[in-house]
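Survey of secondary and tertiary structure
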Amino acid sequence: MSEIQLHKVDLNLLSTFEALIEEGSVAGAADRLSLTASAVSHALGRLRTQFDDTLFVRVGGRMQATPQPLRLADEIAPVLRHLRLALKPAAPFDPRTTDRVFRIGLHSCPTLMAQVTAHLQSEAPNAMIEWVPIRSRSQADLVDGLIDLLHVGGPVHLFDRVQSKDLEPATFFSFVKRGHPAAQDWRVEMAAQYRYLQVAVEDQGAGRPVEQEHHLLNRPRTLGSKVPDFSLVGVILDATDFIATQPSIAMEDMWVRYDLEVMEPVAAPSSFPMRFTWSARNATDPANTWLRDIVIAAYDAHQADINRKFRDVLISLQR
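Residues numbered from 1 in each chain as written. Predicted model: local features only at pLDDT ≥ 70, side-chain atom pairs only at ≥ 80, totals over all residues. Heavy atoms only, no water.

A short note on the side chain of Ser25
Considering the arrangement of structural elements, one finds Ser25 in the loop between helix 1 (11–23) and helix 2 (26–33). Not counting residues up to four positions away in its chain, the partners in contact with Ser25 are Leu20 and Met63. (Helix = DSSP H or I, 4+ residues; strand = E, 2+ residues; numbered from the N terminus. Contact = heavy atoms within 4.5 Å.)

The structure is reproduced here in C-alpha cells:
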C-alpha cells in the first residue's frame, strides 16, 4: 500500500469509516450520519481508493470488515474522540447536570470503589463511573484520553505528557485465615513453614516488591498459589493455610468478609511509591480536576482509616 498523504485525507471519510465499522451496513451508517445511502457508498469507494483495500465485504446481508480496517479502527477511534473534544464548544462544568463518562484505572479495591462511586453519584447523578482494569497499555490509554485517572503503584516510569500526584507509600500487612497456627506463634521460623499466596499484579511493573524484600532479608518464601487480582485473596486464604502479604488499601473488604487475621509482615517494602496520574491535556480541565480532587481525597482517607484499623488488631512478629 502506498504511503497515505495526510493533507489529502478528508476527515469526513474517517467519520464514515467509523460509522460503517460500528453499524455494519451502509444503510445504518447513512442513518447515523444523516446522509443518503448513495453518499455513504460513494464515501466508501473513496476510502477503498485511499487505503488501497476493499475494507468491507458483504456477508449475510451485513458489511464485514477485512483485517486492515479492524486494525485501523483501534487507531482511528482515539483520534476522532480527541477531535470531537477539541472542537466541542467549551461549556462550564456542572457536576449536577453532566452526563460525562469518567474512567478510572484502579486495581480491585471494593470498599474504596464503593465509597468513591457513591460520592461521585451524589454530586453528579447523571454521570457514568467506569472502573477499568490496569493493563500494560494503561498509560498509553491515559495519554490517548481513554482513561481519565490512573492509579500507579511502584517505581514505574511515567510517559511523557503524563502528570501525577504522589500518595502516601503503600503499607503492607500479612493476612491468614482465622485460627491459622502461625497466628498463635508468629515468628520468622513459623512463617517459613507455610507457603504464600501472590497476586499477579506484582508482575505488572512493580517488580515483585514483597519477593524482593524476602530476598534482601534472607527470609525466602515459597509460593503456593498466584491469583490474577486482589479480589480473590480472601476466599483463597479462607480455604487454605497460605499467607498473603498485601497492601492495606486493597484488603478491607476481604478482611471483614472472611474474618482474616492481620499480622506484621516477615518482609515487606517500607516505602513502596503510589501515585495517581492523568494526561497533561486534562491538567486544567474542570471536570477532570473535580474527579481528581474527589478520588484522591477518598483514597488518602481510606488508606489512613484502614491502616489504623489493621494496626489496632495487628499480631506483632516475635523477635
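Let's talk about the nonpolar core
Within the largest apolar cluster, 48 residues are counted, with the highest numbers of intra-cluster contacts made by Leu112, Leu120, Phe175, Val233, Leu237, Leu291 and Phe310. In this structure, Val40, Leu44, Met63 and Ile76 belong to the second largest nonpolar core, which totals 20 residues. (Core = buried A, V, L, I, M, F, W, Y, C linked by side-chain atoms within 4.5 Å. Buried < 20%, exposed > 50% of the residue type's maximum accessible area, 1.4 Å probe, protein only.)

Topic: the sheet that holds strand 6 (residues 162–166)
Adjacent strands of a sheet form backbone hydrogen bonds with each other and so pair up, either parallel or antiparallel. Across the sheet, five strands lie side by side as 4-3-5-12-6; this open sheet has mixed pairing. The sheet terminates laterally at strand 4 (128–132) and strand 6, the two strands that pair on one side only. On average, adjacent strands in this sheet sit at an angle of 20° to one another, irrespective of strand direction. With two bridges joining them, strand 3 (residues 101–105) and strand 5 (residues 149–153) adopt parallel strand pairing. Within the sheet, the bridge partner assigned to Ile104 lies in strand 5 and is Leu149. Seen against the sheet, helix 5 (residues 110–123) touches strand 3 and strand 4 and runs at an angle of roughly 160° to strand 4. (Pairing = 2+ DSSP bridges. Axes fitted to C-alpha atoms, helices over the stretch in contact; angles between N-to-C directions.)

Some details on unusual backbone geometry
Of note, Leu55 is a non-glycine position whose phi angle comes to about 65°, a positive value. Note that Leu55 resides in the loop between helix 3 (37–51) and strand 1 (56–59). The class of Leu55 is buried, set by a relative accessible area of 0%. Phi is positive for Asp259, close to 50°, though the residue is something other than glycine. Summarising the element assignment, Asp259 is placed in the loop between helix 11 (252–258) and strand 11 (261–263).

Overview of the pattern of salt bridges
For the coordinates displayed, the defined rule picks out 20 salt bridges. Glu189 serves as the salt-bridge partner of Arg187, at 3.2 Å between the closest nitrogen and oxygen. Relative accessible area serves as the criterion here: at 25%, Arg187 is assigned to the partly exposed category. Between Glu211 and Arg221 there is a salt bridge, and its shortest N-O distance comes to 2.9 Å. With Glu211 in helix 9 (residues 209–216) and Arg221 in the loop between helix 9 and strand 9 (223–227), this pair connects stretches of sequence that are 10 residues apart. A relative accessible area of 24% places Glu211 in the partly exposed class. A relative accessible area of 9% places Arg221 in the buried class. Taken together, the salt bridges that share partners define one network made up of Glu252, Asp305, Arg308, Lys309 and Asp312. (Salt bridge = Lys/Arg side-chain N within 4 Å of Asp/Glu carboxyl O.)

Quick look at the packing of aromatic side chains
Taken as a whole and judged by the stated rule, the model has seven aromatic pairs. Relative to Phe310, the ring of Phe173 has its centre 5.2 Å away and its plane inclined at 70°; by these criteria the two rings are edge-to-face. Of this pair, Phe173 sits in strand 7 (residues 172–176) while Phe310 sits in helix 12 (residues 286–312); the two residues are 137 residues apart in sequence, bridging distant segments of the chain. Each of the two residues, Phe173 as well as Phe310, counts as buried. Aromatic side chains Trp255 and Phe310 sit 5.1 Å apart centroid to centroid with 90° between the ring planes, which places their arrangement in the edge-to-face category. Placement of Trp255 in helix 11 and of Phe310 in helix 12 is noted, with a sequence separation of 55 residues between them. Judged by its relative accessible area of 0%, Phe310 is buried. One aromatic cluster is present, formed by Phe173, Phe175, Trp255 and Phe310 through successive ring pairs. (Phe/Tyr/Trp six-rings, centres within 6.5 Å; stacked < 30°, edge-to-face > 60°.)

Things to note about helix 9
Buried within helix 9 we find Pro209, Val210 and His214. Mapping the buried residues of helix 9 onto a view down its axis gives an arc of 140°, with all of them on the same face. Summarising the geometry of helix 9, the exposed residues directed more than 90 degrees from the buried face are His215 and Leu216. Summarising the contacts, the buried residues of helix 9 are in contact with strand 7, strand 8 (196–199) and strand 10 (244–247). Positive backbone phi, approximately 55°, marks Asn218, located one or two places after helix 9. (Arc of directions from axis to C-beta.)

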